[in-house]
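Inside the fold
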Amino acid sequence: MATSPVDPRYVLDIKTLEMLVCPLTKTRLVLSADRQELVSVAARLAFPIVSGVPLLSLDEARQVDPDSLRRLPNLDDGNYGR
């Protein structure tokens, strides 16, 4: 199954990701494995990324179950979001 190429205009820049925080807890966000959401571990919320733009509104967020949080990239290895 072939995937369509990603438009570079819609790729979230790592430096931008490092500046963003959860609007509720003001803690670091983690890029999901599929790169479609930013996850706040502290708040257990996932914020969608639409056309490269993170929607950091609590109205747009969805609840994340604790088991899903364990599957996120390791925050301490410096490779989150890459």
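These figures come from a predicted structure and were not determined experimentally.

1. Overview of unusual backbone geometry
- With a phi angle near 60 degrees, Arg35 is a residue other than glycine that sits in the positive phi range.
- For Ser51, which is not a glycine, the phi torsion comes out positive at approximately 50 degrees.
- In this structure, Ser51 sits in the loop between β3 (45–50) and β4 (53–54).

2. Observations concerning the layout of surface pockets
- There is about 200 Å³ of room inside the largest pocket.
- Tyr10, Val11, Leu12, Arg35 and Gln36 are, among the 11 residues lining the largest pocket, the residues nearest its centre.
- Classifying every residue of the lining of the largest pocket gives 6 nonpolar, 3 polar and 2 charged.
- Considered as a void within the structure, the second largest pocket measures approximately 160 Å³ in volume.
- Every residue lining the second largest pocket is listed: Ser32, Ala33, Asp34, Glu37, Val39, Arg62, Val64, Asp65, Ser68, Leu69, Arg71 and Leu72.

3. Focus on the pairing of strand β2 (residues 37–40)
- Here β2 shows two buried faces, one formed by Glu37 and Val39 and the other by Leu38 and Ser40.
- The antiparallel pairing of strand β1 (residues 30–31) with β2 creates a hairpin that spans 5 residues between the two strands, and Arg35 there sits at a positive phi of about 60 degrees.
- Bridge count between β2 and β3: 4 bridges; the pairing is antiparallel. From the neighbouring strand, Glu37 faces β3, where its bridge partner is Pro48.
- Linkage of β2 to β3, two consecutive antiparallel strands, is achieved through a turn of 4 residues, within which Arg44 is found at a positive phi near 55 degrees.

4. Description of the confidence of the model for the protein chain
- Looking at the protein chain as a whole, its pLDDT mean stands at 82, while 80% of the residues score no less than 70.
- Predicted confidence for residues 77–82 stays below pLDDT 50, and this span has 13 contacts to residues more than four positions away or in other chains.

5. Focus: the pattern of salt bridges
- A full pass over the atoms with the stated rule returns 2 salt bridges.
- One salt bridge connects Glu37 with Arg62, and the closest N-O pair in it is separated by 2.8 Å. Highlighted residues: Glu37 in strand β2 and Arg62 in strand β5 (residues 62–63), separated in sequence by 25 residues.
- In this structure Glu37 comes out as buried when scored by relative accessible area, which is 15%.
- A salt bridge links Arg70 to Asp67; its shortest N-O distance comes to 2.4 Å. Here Asp67 and Arg70 lie together in helix α2 (residues 66–70), a separation of 3 residues that amounts to about one turn.
- We classify Asp67 as partly exposed; its relative accessible area is 44%.

Quick notes on the rules
- Residues numbered from 1 in each chain as written.
- Predicted model: local features only at pLDDT ≥ 70, side-chain atom pairs only at ≥ 80, totals over all residues.
- Heavy atoms only, no water.
- Helix = DSSP H or I, 4+ residues; strand = E, 2+ residues; numbered from the N terminus.
- 1 Å grid on protein atoms, 1.4 Å probe; cavity = no way out; pocket = protein on both sides within 12 Å on 5 of 7 lines; lining within 4 Å.
- Points joined across faces, edges and corners; volume = space filled by probe spheres on them.
- Nonpolar A, V, L, I, M, F, W, Y, C, P; charged D, E, K, R; others polar.
- Buried < 20%, exposed > 50% of the residue type's maximum accessible area, 1.4 Å probe, protein only.
- Pairing = 2+ DSSP bridges.
- pLDDT = per-residue confidence, 0-100.
- Contact = heavy atoms within 4.5 Å.
- Salt bridge = Lys/Arg side-chain N within 4 Å of Asp/Glu carboxyl O.

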